[in-house]
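# Working through the structure, step by step
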Amino acid sequence: MFALVFGAVRTRAAQVLTILVLTVLAAAVAAAGPWYGFAAVGKAADAYLEAAPASQRTVTVTSRIDTRGDPAGALDRFAGQVRAGLPKGIGDGLRGLSASINVQSGSSASTTIDLAHRDEFCDRVRLDGACPAAAGEVAVSHDAARQLGVTTGDVLTVLTATSAVPLKLTVAGLYARTDPTGTYWSSRLFRSVTGPDPMFTVTATFEHKHLASPTVAYDVVLPGALLRGDGGFDLGAALVESDRFLGQSQLRLSSQATPLHLAIVRDRATILDGISASGAQLLVLTWFALGLAGWYTLRDRRADAALLKLRGVSRSGRLRLALGQHLVPLIGGALIGAPLGYLTAWALAGPVPVAVDRQTALAWSALAVGAVLAGGLAVLATVEATVLGRPVSALLQRAGSGRGSWRPALVDVILLAIAVAALYQVRSAGSGDGLGRAAPVLVALAVGLIAARLLNRSADRGGAAALRAGRLRVGLTALRISRSPGSDRLFVLVVVAVALFVTAAGGWAAESAGRTARSESELGASRVLSVTAANRTVLLTAVRAADPGGRQAMAVVRNRNDTAQILEVDTTRLGSVAAWRPEYGPAGALPDAVAAAALPPLPLVTGDRLTLAVRRESGEAVALTLHLQHEATGEPVKAPFGALRPGDQTVTAPVTGCTAAPGCRLVRWELTTPPAPDGRVRPAPAGSAVVVRRLDQGANILDGTTLGDIGRWRVGTIGAAVDLVAAGGTLRLSADENHTEVDRVGVEAWASDHLLPLPALLAGPVPDRWRDDEALLPGYGELTPVQVISNVAALPAVGGSGLVVDLDSTRRLAADADPGGQFEVWLAPDAGPGIVEALTAAGLTVSADTDVAAHTVRLGTQGPAVLVRFELLAGVAALLLAAAAVAVAATVDRRSLAEQLAALRLQGLPRRVTVSIGWAGTAALILAGLAGGVLAALLAVDVTGRTVPPFTDGWAVLPPPGPLDPVTTALAVAVALAVLGVTGRLALQPLMRSLRDGEAGR
């Protein structure tokens, strides 16, 4: 038996090679799918973890406790309770204490600040000075030290009414965070939100009675295995259970890790389910191609079956011999294809990072390759069984008897019914499960089956009509298609394969375009630098100094308050630098509105002394202070004119910090009481009034024209009230009779460089607070009125909900109360290579550098991108399967076609007609299959409503691109035509050579 099998294999090497090639393709994709899927899952999870903010990778447990004079012991007991309640395998965390205190330094008013202790603090900061080591020693951030007016060695007094023992804090050192965006600083308890940064000390400081009831915290960074959900671990359920357990002891668990965990799990399911669906579709297509190849090559084996039957070989023996011929190429194809697929998956997605997933991937790859072998053998056995039971006379016939012609029709009806069921499921429920996943390929199959019936009937009738009309080339070609057994099934295979390839190529191109568009939208520009600067003024000044032309770089601040997300941009450079899209509205709308609202700038203060002509009209003693801000450093500067005498007078005030270029701008006037003996000041009493007549520094700063222009001045919207009267070349400030003492010291009148309300672009719905009230924006020192000049669908960086405003306007509004935010520099696509060095030289520290390409690559690890790449791989494999089937059909038909054409040549058919008929049948079948495949792809997209797969994390700010754009579709069709055409040409080349040489009968 083995000798017969190997002899048959050697005799029919071409047929065996065909089965081998088909099996190699199928086994390669089958082996690649699971490995590719699990490797992509690992990379996607790592990308999620890398991009996630620190707050999404930590768990915090807090409580308010009574230390009873032993803060260290209380902290230990608290940590023990927390460890017992957290999920197993979560690891050890960091302990901390925090209490809010009021401190006073020198003669300033009291400031509320947090005093904290935290494990590993000194290892996570850079210290100028010493690490706190004894009770009462603290480390203060540089910004907080500036706000408090202290430095190393100074003593802070804690204002307390809860203890008779005073609490003094000595500044041991000034700190700066080494990794401000890391997990260590993710807890809001140990970082500044709106006020000064916390001060850090040792636990012994909390032994003071005033600090006996602090807030305790335990922060732990979640391991990647738990966030990924390795081994099916449900982090969300585990945290809920821990929260329930800890809540019994009045401990509060908080974490933003569950959404991150769910996103990773959802992405995992999207990738694995999608790859399984695509792999299953390709597997069925492979079985179909193998069955078709087996049916075509069966013609040459019918004589062998007849001979075996005459010699008395049993049916099972004949079947074993027939299957033995197929088993050799099937096993050989699996042995070649499996490692080839593994290497392909490794090249595309890399290794599988998780050991459990690695084992699962190998097991599924082996199972998929086994399915290729078992299914292929079963299909080929079915094909062989259809003829092995026939009588010898039927086996020796050159043509089929036409028996059983109802079976193909029944199969077509069943397949059409399945396609209709899939479409119904998709259209009615929008389901991506069950038959819904296979809806596009089933639509292509339905189109192919219907078109095959129409093609055969049209070719049969059209061919006969063409012959009667004397058009031999067309008539004979059409009849060859209609009367060639198996041509309809080959046509269906080509239609489905082309449809799969075209839709896969279109989906890949559209998904790539969608990722690029999202990257541009999220970043806002082609390249974005995250930078560190002391304040908005420093940021804006540095960027303008590094790029004086305004074409390469733009200063940007991302901010958020309780009203909306806010993007502050240098509108003078918006059109040149930002990646502006039509969804954002006209690019010039905001710059034009800001320019229209701008006022000519007031002169800057550049000297060391100011002279003020002023009149005090009220009987109450008042003091007048002018607040300035340096235009390069943003540092606040005070010019105190002191207590004013009644009547007209000229007073001077020293100015420190404005002599450096370019000088200081005017920020606001402040009207207060004269300092008390303890250094405190209060808002000016009701009815107090002063009239400012002139301000100069040798040259006029404020003259009658400016002082008398009410557009140059505005009152504050919070704190003590003031009445302003700008008339007659003077500015009169008077404390309102109805004002009450509030936290803000002084009665303030602000200098204005821009007319209010502040112009803004708004994306999404109007903020809730603005629906029933005036549009006011908090966070810039004063409540700022806003005018929405355009409400658009989306905006750069803020997405579908937020505001874009002018950075220069907000930094002037905020003045010395800079609200912070995320500082960035956006770069234009043509930004020069030295721009980063120029920004660094201008005083900025670049902490991160991201461009659209890198962001697009990161998004490419998400499920949709992974799926479209695998679908493209499957589409290429399907196209190659169809090409192999075309080659088999052309090769098998070559001998009989040569004999037929030779007979026609003897009857006088011209050689040119003979040659054209020789290739026209295959060419017509390929072209018709291409047209049917494109039609099937278009119908599948339209009928199923298929679009580019949505982003797994739910991002849907911009509309997705169409899945079949004309350019990509045309390129895909050209590639399919080239693959199928070259394959058909190579298969027919021996026939064409013999026909041209006049040897068609040989």
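This structure is a prediction, so every number in the text was calculated from the model and none was measured. (Residues numbered from 1 in each chain as written. Predicted model: local features only at pLDDT ≥ 70, side-chain atom pairs only at ≥ 80, totals over all residues. Heavy atoms only, no water.)

### Brief notes about the packing of helix α14 (residues 487–523) against helix α22 (residues 852–859)
- Contact geometry for α14 and α22: axes closest at 9 Å, N-to-C directions at 120°. Classified by the angle their axes make, α14 and α22 are oblique. Pair α14 / α22 crosses with right-handed handedness. Together, Arg515, Thr516, Arg518, Ser519, Glu520, Glu522 and Leu523 of α14 and Val852, His855, Thr856, Val857 and Leu859 of α22 make up the contact between the two elements. (Axes fitted to C-alpha atoms, helices over the stretch in contact; angles between N-to-C directions. Helix = DSSP H or I, 4+ residues; strand = E, 2+ residues; numbered from the N terminus. Parallel < 35°, antiparallel > 145°, perpendicular 65-115°, else oblique. Left-handed = near helix turned anticlockwise from the far one by under 90°. Contact = heavy atoms within 4.5 Å.)

### Digging into the confidence of the model for the chain
- Here the chain shows a mean pLDDT of 83. Residues at 70 or above account for 81%.
- Averaged over each element, pLDDT in the chain is lowest for helix α1 (residues 2–11) (51) and highest for strand β8 (residues 199–200) (96).
- Taken together, the stretch residues 400–404 has pLDDT below 50 and engages in 1 contact with residues farther than four places along the chain or on a different chain. (pLDDT = per-residue confidence, 0-100.)

### What to know about the sheet that holds strand β15 (residues 623–630)
- In spatial order, the strands read β16-β15-β18-β24-β21; together these 5 strands make up an open sheet with antiparallel pairing. Each edge of the open sheet carries a strand with a single partner, namely β16 (636–643) and β21 (713–715). For this sheet the average axis-to-axis angle between neighbouring strands, irrespective of direction, equals 25°. (Pairing = 2+ DSSP bridges.)

### Notes on the state of the cysteines
- Per the stated rule, a full pass over the model turns up 2 disulfides.
- The disulfide partner of Cys122 is Cys131, and the gap between their sulfur atoms is 1.7 Å. With the S-S bond torsion at 70°, the cross-link from Cys122 to Cys131 turns out right-handed.
- Here Cys122 falls in the partly exposed class, since its relative accessible area comes to 26%.
- The exposure class of Cys131 is partly exposed, given its relative accessible area of 32%.
- Described in terms of the sequence order of its bonded cysteines, the disulfide pattern of the chain is 1-2, 3-4. (Disulfide = S-S within 2.5 Å. Buried < 20%, exposed > 50% of the residue type's maximum accessible area, 1.4 Å probe, protein only.)

### Description of the side chain of Thr571
- On the secondary structure map, Thr571 appears in the loop between β13 (565–569) and α16 (574–577).
- Under the relative-accessibility criterion, Thr571 is labelled buried at 4%.
- Side chain to side chain, Thr571 and Asp806 meet in a polar contact 2.7 Å long.
- Apart from the residues within four sequence positions on either side, Thr571 is in contact with Leu590, Pro591, Val594 and Asp806. (Polar contact = N/O pair within 3.5 Å; in protein donor to acceptor, adjacent residues only side chain to side chain.)

### A closer look at the nonpolar core
- In terms of nonpolar packing, the biggest core is built from 79 residues, with Leu490, Val496, Val498 and Leu980 touching the most fellow members.
- Per element, the largest residue contribution to this core is 17 residues, and it comes from helix α23 (residues 863–906).
- Those residues in contact with Val496, other than ones at most four positions away along the chain, are Leu285, Val441, Ala444 and Leu445.
- Counting 50 residues, the second largest nonpolar core, distinct from the first, contains Tyr48, Val138, Val171 and Leu260. (Core = buried A, V, L, I, M, F, W, Y, C linked by side-chain atoms within 4.5 Å.)

### With respect to the side chain of Ser365
- Tracing the chain through its elements places Ser365 in helix α9 (residues 355–388).
- Other than its neighbours up to four places away in sequence, Ser365 contacts Ala30, Ala31, Pro34 and Trp35.

### Overview of the packing of aromatic side chains
- Throughout the structure, instances matching the rule amount to 13 aromatic pairs.
- Considering the side-chain rings of Tyr175 and Phe200, the 5.7 Å spacing of their centres and the 80° angle between planes classify their relative orientation as edge-to-face. Of this pair, Tyr175 sits in strand β7 (residues 167–177) while Phe200 is found in strand β8, placing the two residues 25 residues apart along the sequence.
- The buried category is assigned to Phe200, whose relative accessible area is 1%.
- Ring-pair connections join several aromatic residues into one group, and the members of that group are Phe121, Tyr175, Tyr184, Trp185, Phe190 and Phe200.
- When the ring centre of Tyr184 is taken as reference, the NZ or CZ atom of Arg118 above it lies at 4.4 Å.
- A cation over an aromatic ring shows up here: Arg518 above the ring of Phe951, its NZ or CZ 4.6 Å from the ring centre. (Phe/Tyr/Trp six-rings, centres within 6.5 Å; stacked < 30°, edge-to-face > 60°. Lys NZ or Arg CZ within 6 Å of the ring centre and 35° of its normal.)

### Structural notes on the pattern of salt bridges
- Within this structure, the stated rule accounts for 32 salt bridges.
- Between Arg668 and Glu748 there is a salt bridge whose closest N-O contact spans 3.1 Å. A residue pair is termed long-range when its members are at least 10 positions apart, and Arg668 in strand β18 (residues 664–672) and Glu748 in strand β24 (residues 747–751) qualify at 80 residues.
- The class of Arg668 is buried, set by a relative accessible area of 8%. (Salt bridge = Lys/Arg side-chain N within 4 Å of Asp/Glu carboxyl O.)

### Looking at the sheet that holds strand β26 (residues 776–780)
- Strands sit in the order β26-β27-β25-β28-β13-β12-β29-β11-β30 across an open sheet of 9 strands; the sheet is mixed. What marks the edges here is a single partner per strand, and that holds for β26 and β30 (845–851). Adjacent strand axes in the sheet meet at a mean angle of 35°, parallel and antiparallel pairs treated alike.
- Here helix α15 (residues 536–546) sits on the sheet in contact with β11 (527–532), β12 (553–560), β13, β26 and β29 (822–827), set at roughly 160° to β12.

### Section: the packing of α15 against helix α20 (residues 807–814)
- Two numbers describe how α15 lies on α20: the axes approach to 9 Å, and their chain directions differ by 145°. In terms of crossing hand, the pair formed by α15 and α20 is left-handed. Listed contacts from α20 to Arg536, Thr537, Leu539, Leu540 and Arg544 of α15 are Leu807, Asp808, Thr810 and Arg811.

### Some details on the pairing of β16
- Examined bridge by bridge, β15 and β16 share 6 bridges and lie antiparallel to one another. When the sheet's bridge partners are listed, Gln629 is paired in β16 with Pro636.

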